[in-house]
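# Report on the structure
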Amino acid sequence: KKMEYDFVRDPDQEYLCPICDCVLRSPHLTDCCGQHFCEKCLNDWFWQKGRAICPHCRNTRFNHIRYLPLKRKIDGFRVFCSNKGQGCQVVSTVGELSSHLGECPYSRVPCDKCRRSIMRQYLDIHRLHECPKRVMNCVYCGVAGEHAVIASEQHQARCPDYPVGCPRKCESGQEVKRKDLKSHADVCPLEPVRCKDCKCNLLRVELGHHAKNQCEFRLIHCPHCNRQGTYKAITPHTKICDEAPVECPNKCGQDLKRKQLVYGTHSEVCPLQPLTCAKCMADLVRKELVSHNQSCPKRIVPCGYCHQGIPYDELQVHVKEVCGEYPVGCPKKCNKDAEQLKRKDLMKHAEICPLEPVQCPYYKVGCDTEVIRKELSSHMESYTTQHLAKVTEAHEKQSIMLKKQREENAKLRVDHDTTTAIMNSLSFEVNWPSVKEKLSKQSYRCLKTI
């Protein structure tokens, strides 16, 4: 870049500073060589060299003055605005360019608050909407402050009117302000609460349904007896309530209440109640009892002969083996009249039945012949000799035995007399060994027993 300005027509060389090679600004004229220099460039040259020396002719003795005619001429040069690249189409003179730049909408000027370089035409918009240090009111709580502070997350995190919404995401709490969170928690349907009765944790929206249908301590009535109490107490009560409808365990189909089963009133009339026949011990139900009594094998029926009550299944045995009135007839078929003989008369009939086997009257003396009663007389006649021989033999045996018995009795009498005499002669102190020697063994035993 050789020129500071964007000239409409490039200036001649004589209008350029030999030091900076740009158009002269505040030109100064030297009296030694008549050369023009920028005032600033000349002063910088002197400071760099450490002394006053002409940059062109190197003369140390010279003076320089501000050359106003040249300055006025240069100020009249036509130039484009410095913001031409930004879109400004203004053509001005060098002298008027600074005043134009002071109001050119394309010039970049610093914001008076944030010091950011902003195009002049957008400065008002920046001050109102973009400047981080612009003063604004919080749209929620109305507090005034810098935009950077008000719009910061720190302010939003503590703004009492900021719409944070319900932390439980309930439908009614989408626009809840931060300062109203505590009061909203008292009505939030999704807020966890505790049932005052059963102390269980649940959501507020569920509390009504819980208190009405789920809480163990809610008051309800027994559907059977209308007794009032807590659900926890009534629920087990309904299982034992006397008025509760129950099904007959025998499936009889009758509508019953539990008390009818508990107190046994239904079992006394239930047609399907299991029973046991007291006679035959058969298992049956009550409705079969009447028909069973008519067919029970143990039912009592009268005997057709003795008219005694007999179990039905024992009747035939009774008639054939026990009944005294049953006509059994003589087992020996002794005569036609005996065919109607009753069982109870058999013993008496046996004493006179001519066909009854009897023993010989002499069976005690050894005759073991059995004959029927009607032949007994002929047996006695035909066996008379044998009977007399057996009687004689028996008599002889008895005589021998009687004789032996008498001898033993006499010996015992002698021993008894001897014992009595010895007892009378002895003192109270008995010397049993000496007595034993004098007495026979049998007498001694008798004496010891006494």
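Before going into details, it helps to say that this report is about the structure given with it. (Residues numbered from 1 in each chain as written. Predicted model: local features only at pLDDT ≥ 70, side-chain atom pairs only at ≥ 80, totals over all residues. Heavy atoms only, no water.)

### Digging into the overall build of the protein
- The secondary structure content of the protein amounts to 17 helices and 22 strands.
- On C-alpha atoms alone, the protein measures out to a radius of gyration of 79 Å, which is more than a quarter above the 22 Å that the 2.2 N^0.38 rule sets for 450 residues.
- With the C-alpha coordinates of the protein rotated into their principal frame, the extents come out at 220 × 80 × 45 Å.
- Scored against the burial criterion, the 450 residues of the protein give a buried share of 26%.
- For the protein, the share of sequence-separated contacts (at least 6 apart) that also reach a separation of at least 24 residues comes to 13%.
- Total accessible area on the protein is roughly 31800 Å²; 51% of this is exposed by carbon and sulfur atoms.
- Side chains of the protein carry 71 positive and 54 negative charges; the gap between the two charge centres is 7 Å. (Helix = DSSP H or I, 4+ residues; strand = E, 2+ residues; numbered from the N terminus. Rg over C-alpha atoms; globule rule 2.2 N^0.38 Å. Buried < 20%, exposed > 50% of the residue type's maximum accessible area, 1.4 Å probe, protein only. Contact = heavy atoms within 4.5 Å. Areas by Shrake-Rupley, 256 points an atom, 1.4 Å probe, with all protein chains shown as cover. Lys, Arg positive; Asp, Glu negative; His and termini not counted. Charge placed at Lys NZ, Arg CZ, Asp CG, Glu CD.)

### Observations regarding the sheet that holds strand β5 (residues 78–80)
- Strand order in this open sheet of three strands is β1-β5-β6, and the pairing throughout is antiparallel. Only two strands of the sheet have a single neighbouring strand rather than two, namely β1 (6–7) and β6 (91–93).
- Pairing of β1 with β5, which is carried by two bridges, proceeds in the antiparallel orientation. Among the inter-strand pairings, Phe7 is bridged to a residue of β5, identified as Val79.
- Lying over the sheet, helix α3 (residues 94–101) contacts β1, β5 and β6, oriented at roughly 120 degrees with respect to β6. (Pairing = 2+ DSSP bridges. Axes fitted to C-alpha atoms, helices over the stretch in contact; angles between N-to-C directions.)

### Overview of the environment of Val8
- As for its placement among the helices and strands, Val8 is situated in the loop between β1 and β2 (27–30).
- Accessibility expressed as a relative area gives 44% for Val8, which makes it partly exposed.
- The residues touching Val8, leaving out its near neighbours within four places in the chain, are Arg78, Val79, Phe80 and Val91.

### Quick look at the sheet that holds strand β4 (residues 64–66)
- The three strands lie next to each other as β3-β2-β4, forming an open sheet whose pairing is antiparallel. Each having just a single partner strand, β3 (36–38) and β4 make up the two edges of the open sheet. Strand after strand, the sheet turns through a mean of 35 degrees between neighbouring axes, direction not considered.
- Where helix α1 (residues 39–49) meets the sheet, its contacts fall on β2, β3 and β4, and the angle it forms with β3 comes to roughly 85 degrees.

### A word on the environment of Pro11
- For Pro11, the position within the fold is in the loop between β1 and β2.
- Here Pro11 falls in the buried class, since its relative accessible area comes to 14%.
- C-alpha separation for the pair Pro11 and Phe77, spaced 66 residues apart in sequence, amounts to 8.1 Å.

In short, the description is geometric, and any link to function would need to be established separately.
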